[in-house]
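The primary structure of each chain is shown beneath.
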Amino acid sequence: MDTKIGALDTCMPMCSDVGSIPTNGVVSTIQNSAIPCNSVESTLGRHLARRLVQIGATDVFSVPGDFNLTLLDHLIAEPGLNLIGCCNELNAGYAADGYARARGVGACAVTFTVGGLSVLNAIAGAYSENLPVICIVGGPNSNDYGTNRILHHTIGLADFSQELRCFQTVTCYQAVVNNLEDAHEQIDMAISTALKESKPVYISISCNLPAIPHPTFSHEPVPFSLSPKLSNPMGLEAAVEAAAEFLNKAVKPVMVGGPKLRVAKASEAFLELADASGYALAVMPSAKGLVPEHHSHFIGTYWGAVSTAFCAEIVESADAYLFAGPIFNDYSSVGYSLLLKKEKAIIVHPDRVVIGNGPAFGCVLMKDFLKALAKRLKHNPTAYENYHRIYVPEGHPLKCEPKEALRVNVLFEHIQNMLSSDTAVIAETGDSWFNCQKLKLPEGCGYEFQMQYGSIGWSVGATLGYAQAVPDKRVIACIGDGSFQVTAQDVSTMLRCGQRTIIFLINNAGYTIEVEIHDGPYNVIKNWNYTGLVDAIHNGEGNCWTTKVRYEEELIEAIKTATNAKKDCLCFIEVIVHKDDTSKELLEWGSRVSAANSRPPNPQ
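Within every chain, residues take consecutive numbers counted from 1 along the sequence as written. Only residues with pLDDT of 70 or above have their local features reported here, since the model is predicted, and side-chain atom pairs are shown and tallied only from 80 upward, although totals for entire chains, interfaces and linings are computed over all residues. To obtain the side-chain values, all non-hydrogen atoms of the structure were included, while hydrogens and water were left out.

By the naming in an unreviewed UniProt entry, the protein is pyruvate decarboxylase, taken from Ilex paraguariensis. UniProt positions are given in the numbering used here, feature names are shortened, and annotations may be inferred rather than shown by experiment. Under Subunit (unreviewed entry), UniProt gives the following word-for-word description of the protein: "Homotetramer." Under the UniProt heading Catalytic activity (unreviewed entry), the entry covering the protein gives this text: "a 2-oxocarboxylate + H(+) = an aldehyde + CO2".

Below, the structure written as structure tokens:
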């Protein structure tokens, strides 16, 4: 059945339906809106605003500029749409990314070229992570196109297409709206394409058009629908039959979830297969949070040499493995060092299935394939029983002596105890990747990080967006000092929005992840008084509490305060640790990635 976007007589979404997400990043069916719009002007700006509300992007992250000011007026005027001003365009894009992870779709609005090129990096990250982000740019006056004029905010050429050409490589659809006749069609096509492809789109709207009515922007917006993707029935049956034969003859098969479970909306189908098959169940690092870790056959994170304890041994010793939605890059493969064999693998992509060295089956949706396969597999818990047989519970880090310098492993043991179904973890690029991977997520606990793109500083904006999308959860963000220096300003926006995130700023005096790949003087940064900085940003406006901890006893007291007396505040806890205090996983991973990066050229 088609998914309806909007309705003939409505303009506002029900918060419980539109863009709601049962598990991390899985977009639920978009329902019809529920509150009638009786006095909405039929202008281009209001049409765009209504569409954003209808798809669930009820918060838009923005930075004003002269080309988008009128458009922002019309976004503000839309009931149910909240415009959130960010400190810079990069963070606005990161916030839309974080919002899309929680709500299923996000949006940002910036000005032409100086704003568009600034947000470009964040949109590229959203593209790499398969997130539908609507990137809206206020463009030049429609009368200036084709006039050979040179405009401000450009590179000084009469050709205005530079920004568009940049976005063409990191968005799945681009709409340049410089006339009213096809504006309705272009906007609707862009938004529907973002939702269908689960990728960002670019919409440029001439600055003189948002306030103008047009018959196509009807008083009651005409609904449009998204045709669902369908599997080829014959291809699906052939793929299931071949996969079932492949797996049923295996002695100790396993299954591993990958990050494209999100875009395929197949997390539930993956669990259905796990329940039916009895296979040992693992996730790739970038899929953490997409599969519930309380599942009875869950064995941890498969990340080659830096996997969680005993997981890699079970996966790599299996005689068959099913990977659902994997991305095998140099980071996830630990410098191309995974001990996997293609002939043992079934790779399930969002829309095709590859079995061993062949055959491959196209036009087969992951969700349909996993559900059908669940009915054809013999129950085989051998791999999980092997895991259970060899598993030795992890030890606990040594307790710090009074006034002993706080260690990172002790910090994360305390963070582990903070997690519940009412929390979500945001892990910044760096050693937080590895420390947060070892956290055991309670049922319902959210988890996000950006592994494919790995842009340092992402987490500040993403934390802002994620927390805005799911205000019922308390976000716990783990951010390194180097990353924080890139995007620190938008702690200001978190305070303006009344958010109650807990930020652990891990101050280890530099770019630690880079140190472990290849050290040099460029990895040392100027130390800041981070709590002093946040106090200055706070400036007595909003609820904020900061503290600096150096010892375990101070950390315990800080967490107690943040979760009790200051539970309704944004809490910023600066944790001072030694510059060489890293996870053992980062040490191993860094050396392997370094070896991959430094391979000599092949002979010519």
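(A) How the structure looks around the sheet that holds strand β19 (residues 502-507). We call two strands paired when DSSP finds no fewer than two bridges between them. Helix and strand labels come from DSSP, where a helix needs a run of H or I of at least four residues and a strand needs a run of E of at least two; each type is numbered from the N terminus. The strand order β17-β16-β18-β19-β21-β20 describes an open sheet built from 6 strands, whose pairing is parallel. The sheet is open, and its two edges are formed by β17 (446-449) and β20 (544-549), each paired on a single side. For this sheet, the mean inter-axis angle between neighbouring strands, taken without regard to orientation, is 15°. Bridge count for strand β18 (residues 474-480) against β19 is 5 bridges, and the pairing is parallel. Bridge assignment links I479 to a residue of β19, and that residue is L505. Only the stretch in contact is used when fitting a helix axis, every axis being a line fitted to C-alpha atoms; angles between N-to-C directions are given from 0 to 180 degrees.

(B) Just the UniProt feature "binding site: Mg(2+)" (unreviewed entry) in the protein, in detail. UniProt annotation of "binding site: Mg(2+)" (unreviewed entry) refers to D481, N508 and G510 when read in the numbering used here. Mapping D481 onto the fold places it in helix α16 (residues 481-487).

(C) Region of interest: the pairing of strand β5 (residues 133-139). The buried label applies to any residue whose accessible area, calculated with a 1.4 Å probe on protein chains only, is under 20% of its type's maximum; exposed applies above 50%, and partly exposed to all values in between. Among the 7 residues in β5, 7 count as buried, and that is most of the element. Going residue by residue along β5, you find V133, C135, V137 and G139 tucked away on one face and I134, I136 and G138 tucked away on the opposite face as well. In the sheet, strand β4 (residues 106-111) pairs with β5 via 6 bridges, with the strands oriented parallel. Bridging from a neighbouring strand, V110 pairs with V137 of β5. A right-handed crossover is one whose linking path, passing over the helix from the first strand to the second, runs clockwise when the strands point away from the viewer. With helix α4 (residues 116-128) bridging β4 and the parallel β5, this β-α-β connection has right-handed handedness. Two elements, β5 and strand β7 (residues 201-206), share 6 bridges in a ladder whose sense is parallel. The residue of β7 that forms the bridge with C135 is Y202.

(D) Here's a closer look at the UniProt feature "domain: Thiamine pyrophosphate enzyme central" (unreviewed entry) in the protein. As recorded in UniProt, the feature "domain: Thiamine pyrophosphate enzyme central" (unreviewed entry) lies at residues 240-359. Secondary structure within residues 240-359 divides into 25% helix and 20% strand; the distance between the first and last C-alpha atoms comes to 12 Å.

(E) Structural view of a positive patch on the surface. A patch consists of residues whose relative accessible area exceeds 30% and which take part in no salt bridge; residues with like charges are grouped when within 9 Å of each other, and nonpolar side chains (Val, Leu, Ile, Met, Phe, Trp, Tyr) when within 5 Å. Residue burial considers only the protein chains on display, and all accessible areas are found by Shrake-Rupley using a 1.4 Å probe. We count a salt bridge whenever a side-chain nitrogen from Lys or Arg sits within 4 Å of a carboxyl oxygen from Asp or Glu. Charged residues are defined narrowly, with Lys and Arg counted positive, Asp and Glu counted negative, and His plus the chain ends left uncounted. To locate a charge, take atom NZ for lysine, CZ for arginine, CG for aspartate or CD for glutamate. On the surface, K196, K229, K265 and K367 cluster together to form a positively charged patch. In this fold, K265 is placed in the loop between α8 (261-264) and α9 (267-277). The exposure class of K265 is partly exposed, given its relative accessible area of 31%.

(F) Summary view of α4. A helix's residues, less one, multiplied by 1.5 Å, set its expected span. With 13 residues, α4 should reach 18 Å at 1.5 Å per residue; the first-to-last C-alpha distance of 18 Å fits that figure. The sharpest bend along α4 comes to roughly 30°, located at A122. Residues of α4 that are buried include every one of G116, V119, L120, A122, I123, A124, G125, A126 and S128, and no others. What makes two residues a contact is simply this: any of their non-hydrogen atoms within 4.5 Å. Where α4 is buried, its residues contact α3 (89-103), β4, β5 and α5 (162-167). Remark: N130 follows α4 within two positions and exhibits a positive phi of approximately 60°. Two axes define the bend at a residue: one fitted to the seven residues ending there, one fitted to the seven starting there, and the bend is the angle between them.

(G) Layout of the packing of aromatic side chains. A pair of aromatic rings is counted whenever rings of Phe, Tyr or Trp (Trp by its six-membered ring) have centres within 6.5 Å, and the orientation is called stacked for planes under 30 degrees apart, edge-to-face for over 60 and tilted otherwise. Here the structure, examined in full by the defined rule, presents 18 aromatic pairs. Ring centres 5.7 Å apart and planes at 70° place the aromatic pair F310 and Y391 in the edge-to-face group. Here F310, found in the loop between β11 (298-301) and α10 (311-316), pairs with Y391, found in the loop between α12 (382-390) and α13 (408-418); they are 81 residues apart in sequence, far enough to count as distant. Since its relative accessible area comes to 23%, F310 is described here as partly exposed. On the basis of an interplanar angle of 45° and a centroid distance of 5.5 Å, the ring pair of F484 and F572 is categorised as tilted. Placement of the pair is F484 in helix α16 and F572 in strand β21 (residues 570-576), with a sequence separation of 88 residues.

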